[in-house]
Amino acid sequence: MVDLLAKITSLCKRRGLVFPNSEIYGGIQGFYDYGPLGVEMKNNLKRLWWQEMTRRHANVVGIDGDIITHPRVWEASGHVTSFTDPLRECKQCHKRFRADEVAAKCPECGGALTAAKQFNILVETSLGVVEGEKRTAYLRGEACQNIYLNYQNVLDTMHLKLPFGIVQIGKAFRNEITPKQFLFRLREFEQWDLQWFAHPKEMDQWYEFWKQARMAWYQALISQPKKIRFRQHAKNELAHYAQKAFDIEYQTPFGWKEWEGIHWRADWDLSRHGQFSGRDLAYTDQETGERFLPHIVETSGGIDRTFLYLLFDAYRDQDKRVWLQLDPRVAPYQVAVFPLLANKPALISQAKALYDVLKIKYHVAWDDIGNIGKRYRRQDEVGTPWCVTVDFDTLKDKTVTVRDRDTMKQIRLSLDKLQDYFENELG
Ligand code: GAP
């Protein structure tokens, strides 16, 4: 099953989903660019998550913060000292590995390895216009820091009461020792985060609430829910900011791997930013007058990992047919429209008219190249749930053929029933 990763990597390149970054220069490890269909699917995912978090849950608002913040942020957050992975280097070929991923010898050349040392994975940059006086800054190692920095701004402007949440979707950067497995471990990636601020006494209840809510959301997104589970972090693997953590994990072809972390961050973030900035970040309960630092439950997931795991979940390969059984809400295209023949103006204009109507609501593919069988195969490979063919009967009776991606069954529907049909299927 490990070759599923190779099949998906190749399909992504072939069909315009994901390309290796800087490919004409030989690529760069840990970086990938999303292509025309990949960006559609990624945007669909982000929209679904945003709607779920901000519309379905009361008292949750969003922000969009910068990638670079004041460098002191990363001292306060603990990342400058503690955002490390254990590294071992081969004494012979000098390749470097994560200590938790190698045995006694170098996996490349069999050489002896150094003892493990801690390697900081924050990505540095420098700011300033005078050479020699530039200041070190960091590309954010976790997107959520902007939420703590804006906690008081949000509170003051949105008149929120505890408990409340702030969400954000954004890039994070880590100088990973061994970026690998395509989109699984990247050096530049995107996270979707919720920080839920609550009274310390209510933390148990909220931690459990968000743990279950996030699991239910991922389960509804995939077709094989048995491939998803919780795993609690042992004390010695907790991140420096967490008092308790559960990962939502997915069973990838290379083992059970993290998908989203549910972290009990307590008052770590607000107390540290309070200390380092000199600002009092305490919250006053207007009814009781009690003043305290809210505690935080964090749910933090990777969008690139979601993208990859959904492809693992959706990939089907049978009798030389390859298709992606993606949720129609996630698929890059919802519908494809084909004129049966590309050289018949009456068919083209009828199909174009249909395309123009459907494109208002859906992302619609237009394909008039090659025979219908080939067009079905192309759409199957990118997970388009329905292909609609306009043929000579359409000109007479205003009906079209709708072909289902998963069953390959074809039905005949009248043009005025099409939208209802898709709406119904899309739920
Ligand atoms: N703010 C908490 C935080 O960043 P994390 O567990 O380090 O927690 C959250 O990261 C999620 O981000 C992970 O569950 C994973 O999905 C994703 N992620 C982390 N490192 C990644 C990497 N190098 N490449 C791709 N995704 C990554």
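Up top is the structure.
Going along each chain's sequence as written, the residues are numbered from 1 onward. Restriction of local features to residues with pLDDT of at least 70 applies here, the model being predicted, together with a cutoff of 80 or more for giving and counting side-chain atom pairs; totals for whole chains, interfaces and linings are based on all residues. Water and hydrogen atoms were dropped before computing side-chain values, which therefore reflect all heavy atoms in the structure.

Visitor: When you look at the layout of surface pockets in this model, what are you seeing that I'm missing?
Guide: A probe matching the size of a water molecule, rolled over the atoms, marks out where space remains unfilled. Detection works on a 1 Å grid of protein atoms alone, calling trapped sets that fit a 1.4 Å probe cavities and calling open sets with protein on both sides within 12 Å along at least five of seven lines pockets, with lining residues defined by an atom within 4 Å of a point. Grid points are joined across faces, edges and corners, and a volume is the space filled by probe spheres set on the points. Of the voids in this model, the largest pocket is the one considered here, and its volume is about 1300 Å³. If you trace the largest pocket, you find 46 residues lining it, with Asp85, Arg98, Arg174, His233 and Glu258 closest to the centre. Looking at the lining of the largest pocket residue by residue, the class counts come to 13 nonpolar, 12 polar and 21 charged. Basically, the charged four are Asp, Glu, Lys and Arg, the nonpolar ten are Ala, Val, Leu, Ile, Met, Phe, Trp, Tyr, Cys and Pro, and anything else, Gly included, counts as polar.

Visitor: What should I look at first to understand the sheet that holds strand 16 (residues 295-302) in this one?
Guide: Paired through backbone hydrogen bonds, the strands of a sheet run either parallel or antiparallel to each other. Reading across from one edge, 3-9-10-16-13-12-11 is the order of the seven strands in this open sheet, with mixed pairing throughout. The open sheet has two free edges, formed respectively by strand 3 (60-62) and strand 11 (228-232), since each of these has just one partner strand. This sheet shows a mean twist of 25° between the axes of neighbouring strands, independent of strand direction. Pairing of strand 11 with strand 12 (residues 244-252) involves five bridges; the strand directions are antiparallel. Two strands qualify as a pair provided DSSP detects at least 2 bridges between them. Numbering goes from the N terminus for both helices and strands, where a helix is a DSSP run of H or I of at least four residues and a strand is a run of E of at least two. Under this scheme, a helix contributes an axis fitted over its contacting stretch, all axes are lines through C-alpha atoms, and angles between N-to-C directions fall in the 0 to 180 degree range.

Visitor: Any chance you could explain the packing of aromatic side chains here in plain terms?
Guide: Where two aromatic rings form a pair, the distance of their centres and the angle of their planes describe that pair. Stacked, edge-to-face and tilted are the three classes for Phe, Tyr and Trp ring pairs, Trp counted by its six-membered ring, which pair at centre distances within 6.5 Å; planes under 30 degrees apart are stacked, over 60 edge-to-face, the rest tilted. Per the counting criterion, the structure on display carries 29 aromatic pairs. Plain terms: the ring middles of Phe164 and Phe197 are 5.2 Å apart, the flat faces sit at 20° to each other, and that makes the pair stacked. Taken together, the residues span a long stretch of sequence, with Phe164 in strand 9 (residues 164-173) and Phe197 in strand 10 (residues 188-198) at a distance of 33 residues. When sorted by exposure, Phe164 lands in the same class as Phe197, which is buried. Ring centres of Tyr362 and Phe422 lie 5.9 Å apart, and the angle between their planes is 80°; this geometry places the pair in the edge-to-face category. Of this pair, Tyr362 sits in the loop between helix 10 (345-358) and strand 20 (364-366) while Phe422 sits in helix 13 (residues 418-426), placing them 60 residues apart in sequence. Residue class for Phe422 comes out buried when judged on its relative accessible area of 0%. An aromatic cluster is built from Trp49, Trp50, Phe184, Trp192, Trp217, Tyr218, Tyr250, Phe254, Trp259, Tyr309 and Phe312, whose rings are joined through pairwise contacts. Criterion for a charge above a ring: Lys NZ or Arg CZ within 6 Å of the ring centre, and within 35 degrees of the ring normal. Sitting over the face of the ring of Phe184, Arg305 holds its NZ or CZ atom 3.9 Å from the ring centroid. Exposed residues in this analysis have more than 50% of their type's maximum accessible area, buried residues have under 20%, and partly exposed residues fall in between, with area computed by a 1.4 Å probe over protein chains only.

Visitor: How should I be thinking about the pattern of salt bridges in this particular structure?
Guide: Each salt bridge in this description consists of a side-chain nitrogen of Lys or Arg and a carboxyl oxygen of Asp or Glu lying within 4 Å of one another. According to the stated counting rule, one finds 39 salt bridges in the structure shown. The residue Glu249 makes a salt bridge to Arg229 at a minimum N-O spacing of 2.8 Å. In this pair, Glu249 sits in strand 12 while Arg229 sits in strand 11, placing the two residues 20 residues apart along the sequence. Residue class for Arg229 comes out partly exposed when judged on its relative accessible area of 32%. A salt bridge links Asp393 to Lys396, with the shortest nitrogen-to-oxygen separation between them at 3.4 Å. You can see Asp393 and its partner Lys396 sitting in helix 12 (residues 392-397), three residues apart, about one turn around the helix. Judged by its relative accessible area of 67%, Lys396 is exposed.

Visitor: Would you explain the site of the ligand in this entry?
Guide: Proximity criterion: a residue is near a molecule or strand once any of its heavy atoms comes within 4 Å of it. The ligand sits among 21 residues. The nearest are Glu142, Leu186, Glu258, Trp259 and Glu298. Definition of a polar contact: a pair of N or O atoms within 3.5 Å, with one able to donate and the other able to accept a hydrogen when the atoms are protein atoms, and with sequence-neighbouring residues admitted only if both atoms are side-chain atoms. Within the side chain of Glu176, one N or O atom sits 2.8 Å away from a nitrogen atom of the ligand. Trp259 is positioned such that a nitrogen or oxygen atom in its backbone is 2.8 Å from an oxygen atom of the ligand. Calculation of accessible area relied on Shrake-Rupley with a 1.4 Å probe; when residues are assessed, cover is drawn exclusively from the protein chains displayed. Burial of the ligand by the protein chains amounts to 94% of its free accessible area of 560 Å². Any molecule with more than half of its atoms within 2 Å of a cavity's or pocket's grid points is regarded as sitting in that cavity or pocket. When atoms are counted within 2 Å of each cavity's grid points, the one that captures over half of the ligand is the largest pocket. Among the elements of the structure, strand 10, strand 13 (255-266) and strand 16 are those that each provide at least two residues to the shell around the ligand. Residue contributions to the shell around the ligand peak at six residues, all from strand 13.

Visitor: Looking at this structure, how should I read the nonpolar core?
Guide: If you look at soluble globular proteins, the nonpolar side chains tend to sit buried side by side. Residues belong to a common nonpolar core when they are buried Ala, Val, Leu, Ile, Met, Phe, Trp, Tyr or Cys residues joined through side-chain atoms within 4.5 Å. Within the largest apolar cluster, 69 residues are counted, with the highest numbers of intra-cluster contacts made by Ile8, Trp259, Phe307, Leu308, Leu310 and Phe312. The leading source of residues in this core is helix 7 (residues 203-221), at nine residues. Here, residues are in contact when the closest pair of their heavy atoms is within 4.5 Å. Look past the residues within four positions of Ile8 in its chain and what remains in contact with it is Phe182, Leu308, Leu311, Phe312 and Tyr315.

Visitor: So what exactly am I meant to see when it comes to the pairing of strand 21 (residues 386-390) here?
Guide: The element strand 21 is largely enclosed, with a buried count of five among its five residues. Pairing analysis gives four bridges linking strand 21 to strand 22 (residues 399-404), with the strands arranged antiparallel. Among the inter-strand pairings, Thr389 is bridged to a residue of strand 22, identified as Thr401.

Visitor: How do you make sense of the environment of Thr125 when you look at a structure like this?
Guide: With respect to the secondary-structure elements, Thr125 resides in strand 7 (residues 123-127). Residues Thr125 and Glu75, 50 residues apart in the sequence, show an inter-C-alpha distance of 15 Å. Every residue in contact with Thr125, bar those within four places of it in the chain, is listed here: Ile68, Arg135, Thr136, Ala137, Tyr138 and Leu139.

Visitor: Any chance you could explain the packing of helix 2 (residues 36-55) against helix 9 (residues 303-314) here in plain terms?
Guide: If you want to describe how two helices pack, look at the angle between their axes and the distance between the axes. Direction vectors running N to C along helix 2 and helix 9 enclose 110°, while the axes themselves pass 10 Å from each other. Considered as vectors, helix 2 and helix 9 are oriented roughly perpendicular to each other. On helix 9, the residues that touch Gly38, Met41, Lys42, Leu45 and Lys46 of helix 2 are Ile303, Asp304, Thr306, Phe307, Leu310 and Leu311. Taken together, the residues of the contact of helix 2 with helix 9 sort by class into six nonpolar, two polar and three charged. Roughly parallel here means an angle under 35 degrees, roughly antiparallel means over 145, roughly perpendicular means 65 to 115, and every remaining angle is called oblique.

Visitor: What should I look at first to understand unusual backbone geometry in this one?
Guide: Glycine aside, a negative phi is what most residues show, and trans is what most peptide bonds show. Residue Pro163 is bonded to the preceding Leu162 through a cis peptide linkage, with omega at -10°. Look at Lys398: it is not a glycine, yet its phi comes out positive at around 60°. Residue position: Lys398 is located in the loop between helix 12 and strand 22. On the basis of relative accessibility, which here comes to 45%, the residue Lys398 falls in the partly exposed class.

Visitor: Explain the side chain of Lys46 here, please?
Guide: Relative to the elements of secondary structure, Lys46 occurs in helix 2. Of the polar contacts made by the side chain of Lys46, one reaches the side chain of Glu190; its length is 3.0 Å. When sequence neighbours within four positions are dropped, the list of residues in contact with Lys46 reads Ile169, Glu190, Trp192 and Ile303.

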